[in-house]
Amino acid sequence: MQMTIYDAVTVGSRSNCVYPNPVTVTDADTMRQAAAFDHVCAAYKQNYRSVDNFLKADCLPMDCDNDHSDDPDDWLTPFDVAMDFPGVGMVFVYSRSHMKPKGKRGPRPRFHVYFICTETTNSAIYSSWKDRLIADYPYFDDGAKDSARFLFGVKD
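This is a predicted model, so every value here is computed, not measured.

**What about the overall build of the chain?**
Argument step 1. In terms of helices and strands, the chain carries three helices and eight strands.
Argument step 2. From first element to last, N terminus to C terminus, the chain shows the α and β order β-β-α-β-β-β-α-β-β-α-β.
Argument step 3. The C-alpha atoms of the chain give 15 Å as radius of gyration, which agrees with the globular expectation for 156 residues (15 Å, within 12%).
Argument step 4. If one aligns the C-alpha atoms of the chain with their principal axes, the spans along those axes are about 45 × 30 × 30 Å.
Argument step 5. In the chain, buried positions account for 47% of the 156 residues.
Argument step 6. In the chain, 65% of the contacts between residues at least 6 apart in sequence involve partners at least 24 apart.
Argument step 7. Each charge class in the chain was averaged separately, 17 positive and 22 negative side chains, and the resulting centres sit 6 Å apart.

**Some points on the side chain of Ser-69**
Argument step 1. Mapped onto the elements of the fold, Ser-69 is located in the loop between strand S5 (54-64) and helix H2 (78-84).
Argument step 2. At 3.0 Å, the side chain of Ser-69 forms a polar contact with the backbone nitrogen of Asp-71.
Argument step 3. Discounting chain neighbours no more than four positions away, the residues touching Ser-69 are Asp-74, Trp-75 and Arg-108.

**What about the packing of aromatic side chains?**
Argument step 1. The full count for this structure, using the stated rule, is 12 aromatic pairs.
Argument step 2. Ring centres 5.3 Å apart and planes at 35 degrees place the aromatic pair Phe-54 and Tyr-126 in the tilted group. Here the residue Phe-54 occupies a position in strand S5, and Tyr-126 occupies one in helix H3 (residues 123-136), the gap between them amounting to 72 residues. Summarising the burial analysis for this pair, Phe-54 and Tyr-126 share the class buried.
Argument step 3. With a centroid separation of 6.0 Å and an interplanar angle of 65 degrees, the aromatic rings of Phe-92 and Phe-111 are classed as edge-to-face.

**Overview of the pairing of S5**
Argument step 1. The buried fraction of S5 amounts to nine of the 11 residues, a majority that puts the element mostly inside the structure.
Argument step 2. Sheet topology note: the S5/strand S7 (residues 111-120) ladder contains seven bridges and is antiparallel. Directly across from Met-62, in S7, lies its bridge partner Val-113.

**Here we look at the sheet that holds strand S4 (residues 43-44)**
Argument step 1. With respect to topology, four strands assemble into an open sheet ordered S4-S5-S7-S6, the strand pairing being antiparallel. Edge positions in the sheet fall to S4 and strand S6 (90-94), since each has one partner strand and no second.
Argument step 2. This element, H3, spans S5 and S7 of the sheet and lies at about 15 degrees to S5.

**Digging into the pattern of salt bridges**
Argument step 1. Scanning all chains against the criterion turns up eight salt bridges.
Argument step 2. Salt-bridge contacts for Asp-136 lead to Arg-132; the nearest nitrogen and oxygen are separated by 2.8 Å. Separated by four residues within a single helix, Asp-136 and Arg-132 lie in helix H3, roughly one turn from each other.
Argument step 3. Among the charged side chains, a salt-bridge network with shared partners connects Asp-70, Arg-105 and Arg-108.

Reading guide: rules and limits
Residues numbered from 1 in each chain as written. Predicted model: local features only at pLDDT ≥ 70, side-chain atom pairs only at ≥ 80, totals over all residues. Heavy atoms only, no water. Helix = DSSP H or I, 4+ residues; strand = E, 2+ residues; numbered from the N terminus. Rg over C-alpha atoms; globule rule 2.2 N^0.38 Å. Buried < 20%, exposed > 50% of the residue type's maximum accessible area, 1.4 Å probe, protein only. Contact = heavy atoms within 4.5 Å. Lys, Arg positive; Asp, Glu negative; His and termini not counted. Charge placed at Lys NZ, Arg CZ, Asp CG, Glu CD. Polar contact = N/O pair within 3.5 Å; in protein donor to acceptor, adjacent residues only side chain to side chain. Phe/Tyr/Trp six-rings, centres within 6.5 Å; stacked < 30°, edge-to-face > 60°. Pairing = 2+ DSSP bridges. Axes fitted to C-alpha atoms, helices over the stretch in contact; angles between N-to-C directions. Salt bridge = Lys/Arg side-chain N within 4 Å of Asp/Glu carboxyl O.

And the structure:
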């Protein structure tokens, strides 16, 4: 397993757009280190996150907030998602909203899925991969699909 995450020096800063610290993720420990800070899964020109500045990415982050149902029997876990993608390399990290109320929804499992992918330098192709995942697996958040998506850091 290997993918690159780009960290900010912040945690919980929605307004930050600078992600200067690449972290090569090779195991659970390096993923914990990378996910502890606000982060992105692509390199950008001058480390400034924007669709127009996209340079490359070798992993594809997706959100699963379990907003598709209020019935706990319908909620997915990382195990459920892994079973939908046999043989595909991926990493799971619980979001900062895991098992907490969010918006109008009550507590439920919320997590990010980081799919290891072939490196691409094409922002449109990268976004189209997310579109395809959302079309085929509607439990992924369709509001988190552009090539400049950031994820908040989490402690655990």
